[in-house]
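Residue strings, one per chain:
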Amino acid sequence: MLNKLSFKMNIRAYALIIAFLLIVTIFTILTNGDFLTSRNITNLMRQMTVIGVLAVGMTSVIISGNIDLSVGSLLGLTGGIAAILQVWLGWNTVWVIIATIAAGVLLGLWQGWWIAYRGIPAFIVTLAGMMIFRGILLGISGGQTIASLDPGFMAIGQSYLPYSIGYILTALFILSLFTLKIRSRQKSHKLELVTESVFVDYGKLAVYSGLCLILVYYISRYQGIPMPMLILTLLALLFIFILNNTAYGRHLYSIGGNHEAALLSGINIKRNTLMVFVLMGALSAVAGIILTSRLNAATISAGEMYELDAIAAVVIGGTSLMGGTGTIIGSILGALIMTSIDNGMSMLNVETFWQNIVKGMILILAVWLDISSKK
Amino acid sequence: MSILHMNNISKSFPGVKALDNVNFKVDEGEIHALCGENGAGKSTLMKILSGVHPSDSHEGDVYIHDQKQHFESIRDSEAAGITIIYQELALVEELSVAENIFLGNEPVHNGMMDWNRMHDRTKRLLDYIGLTIPSNEKVKNLGVGRQQLIEIAKALEKQSSLIILDEPTAALAEGEVDILMSILEDLKSKGITCIYISHKLKEVLHIADSITILRDGKTIETIARSEADENRIIASMVGRELTELFPYQNNSTDHTILSVMEYSFLRKKDTDPMVYNISFELKKGEVLGIGGLMGSGRTELAMSLFGSYEGEASGSVYLNNEPVTLRSPKEAVGHGIGYVSEDRKRYGLVTGMDVSKNTTLSSLSHISWYGILNKEQEVFNTRQVTRKMGVKTPSLQTIVNKLSGGNQQKVVLSKWLLTSPDILILDEPTRGIDVGAKQEIYHLINELTSEGVAIIMITSELSELIGMSDRIMVMAEHTTAGEVNREDADQETIMKLATGGSVHAE
């Protein structure tokens, strides 16, 4: 009976996977298999990282019952700062990265302070941030494209991990999955808790590990794991851990779920809200660094409309804009679906305007599915 | 002559048979009470009557004036003259009283709103129900009691011949209950029929002409008031007799844990203090009851002591003889205080979260290491405390919204038990929950006091206040009206104190 219940709760997650597989199948057929080549999968992974990183942060923002419309501009501005520091001022890559992320944190702090401690709705503060940050970018860059970064900086967005390291990391990841599961089961036994059967628990892990290996193998047939994909994976894992396994993550869910009950349960709402925007700022800066590195330039229009793509990815992934529910995995899948549509339709030489229309339709469809499955 | 006859109604939800051949017959012009524990099927039966569950989703027939009805929606049942007033009120807070009364039914003149007629009708209705408020007052500025009366006015405007009141007095103070009772009597004399759903048997016995009792989705019996008494109703409701209604135990000690002196609290941006000049002491293992009418400042006192509001406190608060200032609930929790709110859905639970996560929400620091949760310990703690509390739930991963009111309340209590509090403030701990669950909560109070926990219990039910408290502080007009020891406590003394301050204000 318990299994039945958990299956029911996951219907949505499965629907998302099924939708993704459907999209992949359609594009594979229409492109005569070109969509599924190692090369294109690698491209897809690279293309999704920027939106993916933003979506990871946006998930926690939306879970806490807030919204952030400024991430596109914040990404553009931090990317611009990185390029200015390196191209104009000649800083080395490590310091550029540190300074850029620090700038993201500061800007997040600024927005978070207005929202948490001055009680201005996040929608307003971040709408203002969207204008302010873009304005600052225009001002400090003088409207120019700042190009040609150091090879070291370019490696962040453009390099690939050597095959051996890719496989070693994958093996380490799988190993730690199993170790954590074994430890958790031991603890449960000690406390005499009911655990899932060995078969189910380890079976699931085996399936995940298998999928992981297939993906890595597939990508390795081309150039190996792209560096930005590694960054996205690490950030996603970190945030999955934060949301599921820390008191802070639990606080975010409860604040988004019921603000007043969270307050009366002794949760510091202001500090937690501030923190979520600081993290979002840091992640936007990471996304800015990746994009600048990939393009080898900072432009004044970099990241325009990305906030909407990120929000769309999160919503398609099943996170409710009302707050209180949502998962990182869902948002990553959402980002993957959005990117697949862009990628597949470009391969088919469909004009860009169709991509926008289709993505918009998918967004409505996803939310409609969500709402009707809850009834 | 029966106005309503529900014949052999059966209704199933996946996995549960909610109603099993229920028969329910109401005579025209009577007040008919419907009693039963939570989950007995009262709400489901009323949802069928009001068309929330459409007529093809259940077996059995509904007759109004001997005419068979097929209600597909609330609209259909309203057209047949039926209005339901729910426990959770359905008013638009930002709109005025008049706009609410005429919502969806606005008087129109040449396609324009006829404001004059609307306000004129509203004034008459307000007069009739005994409210002296302007018709353009926003509903959010009214207390729950007055909002309840507005709902009744709304039903009257719709010319309903059958009004169903679901727990109408759950949120009312004794004085407001009297007003409601007299209005119901008056409606009866005008030939309007009422179905009265309530857990409060005293009221039921006072007002109802006949009483139908449901248990486990079946009709147990329908009895006339003359044949009914409290014990018989309870026996029918629970299927057994409850020997001792209030299992009071004296566990109080001499050790003063909390002492409040000349305490006042002015909320930010308010001009008048929420509470002022309040002094009391709380001893280890004691139950201090706080009585008073709605709006006397009881909840405000509790919430401000708990640090829930931003504003300015004056006077002094001592915990274990140490002066403290509690600026946020977080600090209060840190000092071993817990607060169980009167409105559990709004202030107590994150309703979309599961039982386990709700239970550990206030004690995450006990199960985490540098902020990282020990999830196995979490399940262990939750399992232990929910078993102790007797929370009935399919699993610990069940969304808390799916539980019954009594079980939800037990989850809130479990949450605070896990913080191992020294002081627990219970604000209307038994509101809207059934007799059996009430008993369990009384026993829990005894268990806690025997372990040395001090309890502040705010309640509008006088019998509960008198039955469970060691000492009673009565509040009126935002300040202390007096203190009564258990031996001297009776209904008159308390009501006198509670209403004493308001004589000149009226």
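Residues numbered from 1 in each chain as written. Chains lettered and ligands numbered in written order. Predicted model: local features only at pLDDT ≥ 70, side-chain atom pairs only at ≥ 80, totals over all residues. Heavy atoms only, no water.

A word on the overall build of chain A. Looking only at helices and strands, chain A has 16 helices and 2 strands in total. For 375 residues, the compact-globule estimate of 2.2 N^0.38 gives 21 Å, and chain A sits close to it at 21 Å. Structurally, chain A occupies a C-alpha span of about 65 × 55 × 40 Å along its principal axes. The buried share of chain A, taken over its 375 residues, is 49%. Residue pairs in contact within chain A that sit at least 24 positions apart in sequence constitute 79% of those at least 6 positions apart. One finds the centroid of the 21 positive side-chain charges in chain A at a distance of 9 Å from the centroid of its 13 negative side-chain charges. (Helix = DSSP H or I, 4+ residues; strand = E, 2+ residues; numbered from the N terminus. Rg over C-alpha atoms; globule rule 2.2 N^0.38 Å. Buried < 20%, exposed > 50% of the residue type's maximum accessible area, 1.4 Å probe, protein only. Contact = heavy atoms within 4.5 Å. Lys, Arg positive; Asp, Glu negative; His and termini not counted. Charge placed at Lys NZ, Arg CZ, Asp CG, Glu CD.)

Residues and elements named next belong to chain B. Mean pLDDT over chain B stands at 87; residues scoring 70 or higher make up 96%. Between the elements of chain B, mean pLDDT differs from a low of 77, seen in helix 17 (residues 491–500), to a high of 96, seen in strand 22 (residues 454–458). The low-confidence segment residues 501–506, where pLDDT is below 50, has 3 contacts with residues more than four positions distant or belonging to other chains. Here the complex is predicted with pTM 0.81, and the ipTM for its interfaces comes to 0.87. (pLDDT = per-residue confidence, 0-100.)

Attention shifts here to the packing of aromatic side chains. All names here are of chain B. As enumerated under the stated definition, the model contains 10 aromatic pairs over all chains in all. For the pair F265 and Y309, a centre-to-centre distance of 6.2 Å together with 45° between the ring planes defines the contact as tilted. Placement of the pair is F265 in strand 13 (residues 256–267) and Y309 in the loop between helix 9 (298–305) and strand 16 (311–319), with a sequence separation of 44 residues. You'll find F265 and Y309 in the same group, each marked buried. (Phe/Tyr/Trp six-rings, centres within 6.5 Å; stacked < 30°, edge-to-face > 60°.)

All names here are of chain A. Take F35: it is sitting in the loop between helix 2 (11–30) and helix 3 (38–63). Residue F35 is classed as buried on the basis of its relative accessible area of 1%. In this structure the C-alpha to C-alpha distance between F35 and N343, which are 308 residues apart in sequence, comes to 8.5 Å.

Attention now moves to the environment of I433 of chain B. Residues and elements named next belong to chain B. Mapped onto the secondary structure, I433 falls in the loop between strand 21 (423–427) and helix 15 (435–450). Residue class for I433 comes out buried when judged on its relative accessible area of 0%. Here the alpha-carbon distance between I433 and H255, two residues 178 residues apart in the chain, equals 33 Å.

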